[in-house]
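# Structural overview for review
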Amino acid sequence: MAIDMEKYSQIAEAKMAAARCDVDDIVATVLAECELPDPQELHDGYKDSGDGAILLFPPSALARLVDPLLGRLNAALVRYERQRLASSPLLRLRASVHVGPLSLPDHRGSAINETARLLDCQATRQALTAAKDCGAFLAAAVSEVVYQRTVHAGRTPDLGPYHFLNAVARVSDKPDFAQPCRVHVPGLTGAAVRPYLVDAASSANGPASTPQPNDAPATPAANSGGTFQFHAQVSDATIADHIGTVRIDRRQR
């Protein structure tokens, strides 16, 4: 798993260390909540990247890195924002999850490089814009193999396929890199994230147009109706009489 702080280089130098310390504390707390092993206990299992880190876990932890980790990490960032001092920088994160063999003893291999590229890809960065617009503080990309082994395999109790958007991971300075991935923003369906992405994989005939900041949330409503999540019976005729397709997720608690 890789994480990266948004706009870390724009934080005043005197506040960089404190901001990074806050992120490390948040991540450590969430890992403990999810009963995940501490990567720093594994030799070379924690690689500091300055404005983020690469965390290594055993394959048995893969499903928990997707659910519940991503949702709880976003929730922790939301709590931090509510308590944040005005003088402290805002914290938003990008994350990526991938799986693959690494060589011992220094844990090197292409899986690390691919994890970093998923983190830096345009799809993850564009998804973070969707997160901002809905009050979330995290956007994540998981590789296709991770998605198949976790979400598709039914190992993520609170996340289903509709919580992810099929996309293509591309990095501007890596023209030869293009891999399928799944993008996730906690609290949003994949359909709600789609208007923000240029490289949504379902656009078989070419990339979708880039949404403008002022009308991005309205784009899906203008074309195909909005996507909403209701957690109780809908009886108001103003809403109920205009609902088209309904998807019921009986797994939600």
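Close approach of charged atoms allows side chains with opposite charge to pair. All chains considered together, the criterion is met by eight salt bridges. The residue Asp120 makes a salt bridge to Arg125 at a minimum N-O spacing of 3.7 Å. For Asp120, a relative accessible area of 32% gives the class partly exposed.

Looking along the chain, the bond that leaves Asp67 and enters Pro68 is cis, with omega of 20°. A positive phi angle, close to 55°, is found at Lys7, a residue other than glycine. Judged by relative accessible area, Lys7 falls into the partly exposed class, the value being 47%. Positive phi is not limited to glycine here, since Glu35 has a value of about 55°. Examined against the element boundaries, Glu35 turns out to sit in the loop between helix 1 (13-33) and strand 2 (46-48). In this structure Glu35 comes out as exposed when scored by relative accessible area, which is 65%.

Bringing the confidence of the model for the chain into the picture now. Detailed reading of predicted coordinates is not advised where the pLDDT is low. Residues at a pLDDT of 70 or more form 78% of the chain, whose mean pLDDT is 83. This model gives residues 202-225 a pLDDT under 50, and the stretch forms 20 contacts once residues within four places in sequence are excluded.

Before going further, it helps to spend a moment on the packing of aromatic side chains. Within the structure shown, the criterion is met by one aromatic pair. Plain terms: the ring middles of Tyr147 and Phe164 are 5.6 Å apart, the flat faces sit at 70° to each other, and that makes the pair edge-to-face. With a gap of 17 residues between them, Tyr147 in helix 6 (residues 144-149) and Phe164 in the loop between helix 6 and strand 6 (165-171) connect regions that are remote in the sequence. Judged by its relative accessible area of 4%, Tyr147 is buried.

A few words on the sheet that holds strand 6. Spatially, 2-3-1-4-5-7-6 is the arrangement adopted by the seven strands of the open sheet, whose pairing is mixed. The sheet is open, and its two edges are formed by strand 2 and strand 6, each paired on a single side. Across this sheet, the average inter-strand angle for adjacent strands is 25°, counted without regard to direction. With seven bridges connecting them, strand 6 and strand 7 (residues 174-184) associate as antiparallel partners. Residue pairing for strand 7: Arg170 is matched across the bridge by Ala178.

What tends to happen in soluble globular proteins is that the nonpolar side chains get buried as a cluster. Met1 and Leu73 are the most contacted members of the largest nonpolar core, which totals 41 residues. Listing elements by their share of this core, those giving two or more residues are strand 1 (2-5), helix 1, strand 3 (52-55), helix 2 (62-66), helix 3 (69-83), strand 4 (93-97), strand 5 (138-143) and helix 6. Ignoring sequence-local partners within four residues, the contact set of Met1 consists of Ala53, Ile54, Leu55, Phe57, Leu65, Leu69, Leu70, Leu73, Ala95, Ser96, Val97 and Thr115. One finds Leu128, Ala139, Val193 and Tyr196 within the second-largest nonpolar core, a separate group that totals 21 residues.

Rules behind the numbers
- Residues numbered from 1 in each chain as written.
- Predicted model: local features only at pLDDT ≥ 70, side-chain atom pairs only at ≥ 80, totals over all residues.
- Heavy atoms only, no water.
- Salt bridge = Lys/Arg side-chain N within 4 Å of Asp/Glu carboxyl O.
- Buried < 20%, exposed > 50% of the residue type's maximum accessible area, 1.4 Å probe, protein only.
- Helix = DSSP H or I, 4+ residues; strand = E, 2+ residues; numbered from the N terminus.
- pLDDT = per-residue confidence, 0-100.
- Contact = heavy atoms within 4.5 Å.
- Phe/Tyr/Trp six-rings, centres within 6.5 Å; stacked < 30°, edge-to-face > 60°.
- Pairing = 2+ DSSP bridges.
- Axes fitted to C-alpha atoms, helices over the stretch in contact; angles between N-to-C directions.
- Core = buried A, V, L, I, M, F, W, Y, C linked by side-chain atoms within 4.5 Å.

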